[in-house]
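Residue-level listing of the chains:
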Amino acid sequence: AGAMAAQGGGDGDSAGMGRALPPHSLSGAVLQTVEMHTGGEPLRIIPRLEAAEQAAAAGLSLLSLRREVAARQDHVRRALMHEPRGHTGMYGAVVVRGGAAAEGAHLAALFLHCAGYSAMCGHAVMALGRFALDYGLVPEPTRPETAVRLRCPCGPVTAFVPWDGRRSGNPVRFHSVPAFAAATDLAIDVPGHGKVVVDIGYGGTFYAFLSAEQLGLDVCSSKTRDLVSAASAVTEAVKKQFKLHHPESEDLAFLYGTILTDGKDAFSEEPTTNICVFADEQVDRSPTGSGVTARIALQYHKGLIQLDQSRTFRSSTTGSLFTGKAVKATKFGNYNAVIVEVSGEAFYTGTATFTVEEEDPLKHGFFFK
């Protein structure tokens, strides 16, 4: 409590207690964040970024806002995702309220990672669902569960969050944008590994899926470093050998990463384990919400699971669990698609006030692998 009280400031007494913690001059930029994690995967929430809110108020769509922030505010992402304030596994979200961006929703979100900006993020949606309730972004939350409507760059997503009248709880579940199988049994030539067969699924963003066994690895026991380099080689090979299309926007037609699995795709009560390697060799600590969404869509497409059959997915990095099930069949462009429900647990880890001192040569962060 003493340490907490010291935050309060005021002039120091003779013992030096009660003196405000440095920095004493906050002339540089100050960024306040709420820190959370879902299944071990961090989420650094920026509740307000003035530049983003101004651009949204000017009527920019969320995809346009994503481009605008990338072009003009990328120093914010770098400062908060990269070292020394972040790390190679850091993930973030900018909350945007009002304007065209959040039209018809309680909030819109831009997703940040170490290499750029994602279109969808399931672990973030679960955390943001709790955040939205606890920070009063939903005018009249209902007990025992409140629907929180979010706009993500890939489209509208709804989180369902337990609410006891005072605070949010777990587990949180969300309903995805339509998810579909983009390609199945695609033969890809991976340098150093030869021919492999991958499936490509869309869960708000595109992933390649294959069993780690095809690469001579075991998703549960191989070194993470080996899994990461193999998955990255697959991502690069798929990007070169397969052209992705998205029914609504070419902005969303990019391969976000590769998910290596234990090969257990047929329905089972037992958890199936996977590891997701996305962006620039970034490793998801959670089972990956958008990845679970895409994997369920693939399993449904192949007739391996039925509607409302729930499966459990385990992260090979932390052992954390998400559950997923297809809840409704739908169409998305020319694709037969499903709405997938993913469920997991999100927790607060703290709040932070970050400062950027103008004279700091590394003020906007640095990144190395």
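Please read all numbers here as calculations on a predicted model, not as lab measurements.

**Let's talk about the environment of Arg-44**
Here Arg-44 shows up in strand S2 (residues 41–46). Judged by its relative accessible area of 6%, Arg-44 is buried. Once the C-alpha coordinates of Arg-44 and Ala-352 are considered, the two residues, 308 residues apart in sequence, prove to be 9.2 Å apart. When sequence neighbours within four positions are dropped, the list of residues in contact with Arg-44 reads Thr-33, Val-34, Glu-35, Leu-80, Met-81, Arg-85, Gly-86, Met-90, Tyr-91, Gly-92, Ala-93 and Phe-354. At 2.9 Å, the side chain of Arg-44 and the side chain of Glu-35 are in polar contact.

**Here's the deal with the pattern of salt bridges**
Enumeration according to the criterion identifies 14 salt bridges in this entry. Residues Glu-68 and Arg-72 are paired through a salt bridge, measuring 3.0 Å at the closest nitrogen-oxygen approach. In this pair, Glu-68 and Arg-72 both sit in helix H3 (residues 62–72), four residues apart, roughly one turn of the helix. According to the relative accessible area criterion, Arg-72 is exposed, its value standing at 58%. A salt bridge links Lys-302 to Asp-185; its shortest N-O distance comes to 4.0 Å. Of the two residues, Lys-302 sits in the loop between helix H7 (289–301) and strand S15 (311–315) while Asp-185 sits in strand S9 (residues 180–190), which places them 117 residues apart along the sequence. Through salt bridges with shared partners, a single network forms among Asp-74, Arg-77 and Arg-78.

**Examining the nonpolar core**
Counting residues in each nonpolar core, the largest one holds 90 residues, and the members touching the most others are Phe-111, Leu-128 and Ile-200. The dominant element in this core, judged by the number of residues it contributes, is helix H5 (residues 122–134), at eight residues. Looking at which domains feed residues into this core, each of domain 1 (30–171 + 348–354) and domain 2 (177–343) gives three or more. Those residues within four positions of Leu-128 in sequence are excluded, and the remaining contacts are Leu-43, Ile-45, Ala-93, Val-95, Leu-107, Ala-109, Phe-111 and Leu-150. In this structure, Leu-31, Ala-52, Ala-56 and Leu-62 belong to the second largest nonpolar core, which totals 24 residues.

**Concerning helix H6 (residues 224–241)**
When the terminal C-alpha atoms of H6 are compared, their 26 Å separation across 18 residues agrees well with the 26 Å that a helix rising 1.5 Å per residue should span. Packing partners of the buried residues in H6 comprise S9, strand S10 (194–202), strand S11 (206–211), strand S12 (255–261), strand S13 (272–278) and strand S14 (282–283).

**Thoughts on the domain arrangement of the chain**
Under the domain assignment used here, the chain contains domain 1 (30–171 + 348–354) and domain 2 (177–343). Each side of the interface is counted separately: domain 1 has 26 residues, and domain 2 has 25 residues. For the pairing of domain 1 and domain 2, the buried interface totals around 1,800 Å² over both sides, and the portion due to carbon and sulfur atoms is 59%. Our count for the contact surface shared by domain 1 and domain 2 stands at one salt bridge.

**Description of the confidence of the model for the chain**
In this model, the chain carries a mean pLDDT of 93, and residues with pLDDT of at least 70 account for 95%. Long-range and interchain partners of residues 1–14, a stretch whose pLDDT sits below 50, account for eleven contacts in this model, where long-range means more than four residues apart.

**Describing unusual backbone geometry**
Cis geometry is adopted by the peptide bond preceding Pro-144, which originates at Arg-143 and carries an omega value of 0°. Counting through the fold element by element, Pro-144 comes out in the loop between H5 and strand S6 (145–152). Of note, the bond from Asn-170 into Pro-171 is cis; its omega dihedral lies within 30 degrees of zero at -5°. Mapped onto the elements of the fold, Pro-171 is located in the loop between strand S7 (155–162) and strand S8 (172–175).

**Looking at empty space enclosed by the protein**
Overall, the coordinates contain one cavity of 30 Å³ or more when judged by the stated rule. Counted as a void, the largest cavity has a volume near 70 Å³. What lines the largest cavity is a set of 13 residues, among which Cys-121, His-123, Tyr-207, Asp-284 and Thr-288 lie closest to the centre. Those elements giving two or more residues to the lining of the largest cavity turn out to be H5 and H7. In terms of residue class, the lining of the largest cavity is built from six nonpolar, five polar and two charged.

Calculation criteria
- Sequence order sets the numbering: in each chain, residues are counted from 1 along the sequence as written.
- Residue-level local features of this predicted model are given only where pLDDT is at least 70; pairs of side-chain atoms are given and counted only at 80 or more, and the full residue set underlies all totals for whole chains, interfaces and linings.
- Excluding hydrogens and water, the side-chain values take into account all heavy atoms of the structure.
- Secondary structure elements follow DSSP: runs of H or I of four or more residues count as helices, runs of E of two or more count as strands, with numbering from the N terminus.
- Summary of the burial criterion: residues with accessible area below 20% of their type's maximum are buried, those above 50% are exposed, and those between are partly exposed, where the area comes from a 1.4 Å probe applied to protein chains only.
- The contact criterion used throughout is that any non-hydrogen atoms of two residues lie within 4.5 Å.
- The term polar contact refers here to a pair of N or O atoms within 3.5 Å; inside protein, the definition further demands a hydrogen-donor-capable atom paired with an acceptor-capable atom, and it admits residues adjacent in sequence only when both atoms are side-chain atoms.
- By definition, a salt bridge exists where a carboxyl oxygen of Asp or Glu is found within 4 Å of a side-chain nitrogen of Lys or Arg.
- Nonpolar cores were defined as sets of buried Ala, Val, Leu, Ile, Met, Phe, Trp, Tyr and Cys residues, with membership established by side-chain atoms within 4.5 Å.
- Domain delimitation in this document rests on an assignment produced automatically or drawn from a domain database.
- Residue count minus one, scaled by 1.5 Å, sets the expected span of a helix.
- Reported buried area values correspond to the accessible surface (1.4 Å probe) lost by two parts on association, with both partners' losses combined.
- Confidence of the prediction at every residue is given by pLDDT, a number between 0 and 100.
- Points on a 1 Å grid, built from protein atoms alone, make a cavity when a 1.4 Å probe fits but cannot get out and make a pocket when they are open with protein on both sides within 12 Å along at least 5 of 7 lines; residues with an atom within 4 Å of a point are the lining residues.
- Grid points are joined across faces, edges and corners, and a volume is the space filled by probe spheres set on the points.
- When residues are sorted by character, Ala, Val, Leu, Ile, Met, Phe, Trp, Tyr, Cys and Pro go into the nonpolar class, Asp, Glu, Lys and Arg into the charged class, and all the rest, Gly among them, into the polar class.

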